[in-house]
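# Tertiary structure, described
Take a look at the letters that make up each chain.
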Amino acid sequence: MKSISITGLILLAVSALLFYLTTDFAVEQIKLSHVMGIMGGIGIGLIIGGMVGYVSKGSAVKEEQKRREFKQLQKEKEELEKQAAELAKRQAEFQNQNKSPQI
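So, here is what we can say about the structure in this document. Treat the numbers as computed from the prediction; the structure is a model and nothing was measured. (Residues numbered from 1 in each chain as written. Predicted model: local features only at pLDDT ≥ 70, side-chain atom pairs only at ≥ 80, totals over all residues. Heavy atoms only, no water.)

## Some points on the overall build of the chain
Our working rule: Secondary structure elements are taken from DSSP: a helix is a run of H or I of four residues or more, a strand is a run of E of two residues or more, and numbering for both begins at the N terminus. The size measure is the radius of gyration over C-alpha atoms, and the globule rule it meets is 2.2 Å times the number of residues to the 0.38 power. Summary of the burial criterion: residues with accessible area below 20% of their type's maximum are buried, those above 50% are exposed, and those between are partly exposed, where the area comes from a 1.4 Å probe applied to protein chains only.
Scanning the chain from N- to C-terminus turns up two helices and zero strands. For 103 residues, the compact-globule formula gives about 13 Å, and the C-alpha radius of gyration of the chain, at 33 Å, lies well above that figure. Considering only C-alpha atoms, the chain reaches an extent of 115 × 15 × 10 Å along its principal axes. The buried share of the chain, taken over its 103 residues, is 5%.

This is how it looks when you write it as structure tokens:
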């Protein structure tokens with residue numbers, strides 16, 4: 001959201017500069033074209049903000065998906081390690097039974 005705010009502030013500064021250059025900040029000199037310019041600036045700001053928001057939301061969703069996949073892989077790794085330890089334990093028990101004489 002920082003980028004949207006920065007874009008909005010830049011557009012606001014540009015509009016204030018253009019307004020100052022055309023009217024010298026005199027309220028009596030405001031015309032319909034100035035109001036149309038303000039509305040156009042708001043529209044451009046919303047369009048740019050929407051595009052930036054869409055891109056940032058998409059990247060956030062991808063990051064969350066990567067985190068979920070990583071957690072899933074970690075769980076699978078832990079399960080495989082437990083299974084390997086269990087197999088090693090069973091194999092050791094089996095070898096002990098084969099080595100020890102039966103009565």
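## Some remarks on the pattern of salt bridges
Any two side chains of opposite charge can pair, on the condition that their charged atoms come close. This is how the line gets drawn: Salt-bridge detection follows one rule: a side-chain nitrogen of Lys or Arg within 4 Å of a carboxyl oxygen of Asp or Glu.
For the coordinates displayed, the defined rule picks out three salt bridges. Taken together, the shared-partner salt bridges in this structure form one network comprising Glu-64, Arg-67 and Arg-68.

## Considering a negative patch on the surface
Put simply, the rule reads: Only residues whose relative accessible area exceeds 30% and that form no salt bridge enter a patch; like-charged residues are grouped when within 9 Å of one another, and nonpolar side chains (Val, Leu, Ile, Met, Phe, Trp, Tyr) when within 5 Å. Here the open area of atoms and residues is found with the Shrake-Rupley method and a 1.4 Å probe, where only the protein chains shown may cover a residue. All tallies of charge rest on Lys and Arg as positive and Asp and Glu as negative; His and the ends of each chain are not included. Where a charge lies is defined by one atom per residue type: Lys uses NZ, Arg uses CZ, Asp uses CG and Glu uses CD.
A contiguous patch of negative charge on the surface is contributed by Glu-76, Glu-78, Glu-79 and Glu-81. Mapped onto the fold, Glu-79 is located in helix α2 (residues 32–99).

## Description of the layout of surface pockets
Rolling a probe over the atoms, with the probe sized like a water molecule, indicates the empty space that remains. Definition in use: Only protein atoms enter the calculation, which uses a 1 Å grid: trapped sets of points that fit a 1.4 Å probe without letting it out are cavities, open sets showing protein on both sides within 12 Å along at least five of seven lines are pockets, and any residue with an atom within 4 Å of a point is a lining residue. Grid points are joined across faces, edges and corners, and a volume is the space filled by probe spheres set on the points. Residues are grouped as follows: Ala, Val, Leu, Ile, Met, Phe, Trp, Tyr, Cys and Pro are nonpolar; Asp, Glu, Lys and Arg are charged; every other residue, Gly included, is polar.
Considered as a void within the structure, the largest pocket measures approximately 430 Å³ in volume. Counting only elements with at least two residues in the lining of the largest pocket, the list comes to α1 (2–23) and α2. Looking at the lining of the largest pocket, the element that brings in the most residues is α1, giving nine residues. Among the residues forming the lining of the largest pocket, the class breakdown is nine nonpolar, eight polar and no charged.

## Concerning a nonpolar patch on the surface
The grouping of Ile-6, Ile-10, Val-14, Leu-17, Leu-18, Tyr-20 and Leu-21 at the surface amounts to a nonpolar patch, some 700 Å² of accessible area in total. Checked against the element boundaries, Tyr-20 lands in helix α1.

## Description of the packing of α1 against α2
Cut-off, in case you're wondering: Here the axes come from fitting lines to C-alpha atoms, over the contacting stretch only for helices, and the angles between their N-to-C directions go from 0 to 180 degrees. Comment on the angle field: the value is read as roughly parallel under 35 degrees, roughly antiparallel over 145, roughly perpendicular from 65 to 115, and oblique elsewhere. Whether a crossing is left-handed or right-handed is set by the direction in which the near helix is turned from the far one by less than a right angle, anticlockwise for left-handed and clockwise for right-handed. Contacts are assigned to residue pairs that have any heavy atoms within 4.5 Å of one another.
Viewed as axis vectors pointing N to C, α1 and α2 meet at an angle of 160°, and their least axial separation amounts to 10 Å. Viewed along their axes, α1 and α2 adopt a mutual orientation that is roughly antiparallel. Here the hand of the crossing between α1 and α2 comes out right-handed. Facing α1, whose interface residues are Ser-3, Ile-4, Thr-7, Leu-11, Phe-19, Thr-22 and Thr-23, α2 presents His-34, Gly-41, Ile-44, Gly-45, Ile-48, Gly-49, Val-52 and Gly-53. Here the contact of α1 with α2 is built from residues that sort into six nonpolar, nine polar and no charged.

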